[in-house]
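Observations on the three-dimensional arrangement
Now for the letters of each chain:
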Amino acid sequence: MSEAEVVTRVIARLVADADDRQAHILHELACSAGYLWACANTDCSSYNYRGLRYCTGCGWGREGKPVGDIHPSMYTEGRWTRLRRALVKHYAADAPLPDAVVFDYWGGPGWRGAEVTEMYGGTTKEITGGFRDRDRFGDIAAALDSLTRWSKPSYGGHIRVVLAP
Ligand SMILES: [Zn+2]
């Protein structure tokens, strides 16, 4: 079991039998011990494990603000635009449009093998299998391969494409 799972389980167990005031204190203690961070979005106020980059409640960043694009700077604007267009086209058929789509690279066939998470205003949703499949995700897969050809992702590499206007 990873530290994240242990911490999450222990806190969930402690909070399960606590009243609101006790739960608040438990969360505050876990935050000051560095296990959790509190989302700064006042409409959300979720607590998140320290390893998480985005809030699981609202999908925003730690500062409680909507997040912007993150892309490795060596990628040209053209390749980036191509990826964004492919994603917008994909979701136009699929609706609703996520606020952002993030890619986390832990191995696999370049950026196409990255883990994919859709971020909506209130929730995040992991896409099983990501956009690996060239037959199903032609344009997106091609745009990701194009990024990979330009520069291979490194372990832990991260991309975020904001789609919301
Ligand atoms: Zn939040």
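That block above? That's the structure.
What counts and what doesn't
Residues numbered from 1 in each chain as written. Predicted model: local features only at pLDDT ≥ 70, side-chain atom pairs only at ≥ 80, totals over all residues. Heavy atoms only, no water. Helix = DSSP H or I, 4+ residues; strand = E, 2+ residues; numbered from the N terminus. Buried < 20%, exposed > 50% of the residue type's maximum accessible area, 1.4 Å probe, protein only. Contact = heavy atoms within 4.5 Å. Areas by Shrake-Rupley, 256 points an atom, 1.4 Å probe, with all protein chains shown as cover. Lys, Arg positive; Asp, Glu negative; His and termini not counted. Charge placed at Lys NZ, Arg CZ, Asp CG, Glu CD. Pairing = 2+ DSSP bridges. Axes fitted to C-alpha atoms, helices over the stretch in contact; angles between N-to-C directions. Expected span 1.5 Å × (residues − 1). Arc of directions from axis to C-beta. Polar contact = N/O pair within 3.5 Å; in protein donor to acceptor, adjacent residues only side chain to side chain. Salt bridge = Lys/Arg side-chain N within 4 Å of Asp/Glu carboxyl O.

1. Here we look at the overall build of the protein chain
- Counting its secondary structure elements, the protein chain contains 4 helices and 6 strands.
- Counting from the amino terminus, helix and strand elements in the protein chain follow one another as α-α-β-β-α-β-β-β-α-β.
- Its C-alpha atoms give the protein chain principal-axis dimensions of roughly 50 × 30 × 30 Å.
- Expressed as a percentage of the 165 residues in the protein chain, the buried residues total 39%.
- In the protein chain, of all internal contacts separated by at least 6 residues, the share reaching a separation of at least 24 is 51%.
- For the protein chain, the computed accessible surface area is about 9,500 Å², with 53% contributed by carbon and sulfur atoms.
- Across the protein chain, the 20 positively charged side chains and the 20 negatively charged ones have centroids separated by 8 Å.

2. A look at the environment of Ser146
- For Ser146, the location among the structural elements is in helix 4 (residues 138–150).
- Of the residues examined, Ser146 reaches a relative accessible area of 4% and is grouped as buried.
- The residues touching Ser146, leaving out its near neighbours within four places in the chain, are Arg79 and Arg82.

3. Thoughts on the sheet that holds strand 3 (residues 100–105)
- Taken together, 4 strands build an open sheet; the order of strands is 5-4-3-6 and the sheet is antiparallel. Looking at strand neighbours, the two that pair on one side only are strand 5 (124–127) and strand 6 (157–162), the edges of this open sheet. Between one strand and the next, the sheet's axes are offset by a mean angle of 20°, whatever the strand orientation.
- Across 6 bridges, strand 3 lies against strand 6 in antiparallel orientation. Bridging across to strand 6, Asp104 finds its partner in His158.

4. Re helix 2 (residues 20–32)
- The first and last C-alpha atoms of helix 2 sit 18 Å apart over 13 residues, in line with the 18 Å expected at 1.5 Å per residue.
- For helix 2, the full list of buried residues reads Ala23, His27, Ala30 and Cys31. The buried side chains of helix 2 occupy one side of the element, clustering within an arc of 105° when seen end-on. In helix 2, those exposed residues whose orientation departs by more than 90 degrees from the buried face are Arg21, Leu29 and Ser32.
- Of the residues that open helix 2, the one with a side-chain oxygen 3.1 Å from the backbone nitrogen of Arg21 is Asp19.
- Gly34 sits one or two residues past helix 2 and shows a positive phi near 90°.

5. Looking at the pairing of strand 4 (residues 115–119)
- Of all 5 residues making up strand 4, 4 are buried, and the element is well covered by its neighbours.
- Looking at chain direction, strand 3 and strand 4 are connected through 5 bridges and run antiparallel. Bridge pairing links Val102 to Thr117 in strand 4.
- Sheet topology places strand 4 next to strand 5; 4 bridges connect them, and they run antiparallel. Within strand 5, the position partnered with Thr117 by the bridge is Glu126.

6. Remarks on the side chain of Arg160
- Mapped onto the elements, Arg160 comes out in strand 6.
- Summary of buried charges: Arg160 has no salt-bridge partner, and the nearest side chain of opposite charge, Asp69, is 6.2 Å away.
- Among the polar contacts listed, one links the side chain of Arg160 to the side chain of Tyr54, at a separation of 2.6 Å.
- Not counting the four nearest positions on each side in its chain, Arg160 is found in contact with Tyr54, Val67, Gly68, Asp69, Ile70, Trp80, Ala100, Val101 and Val102.

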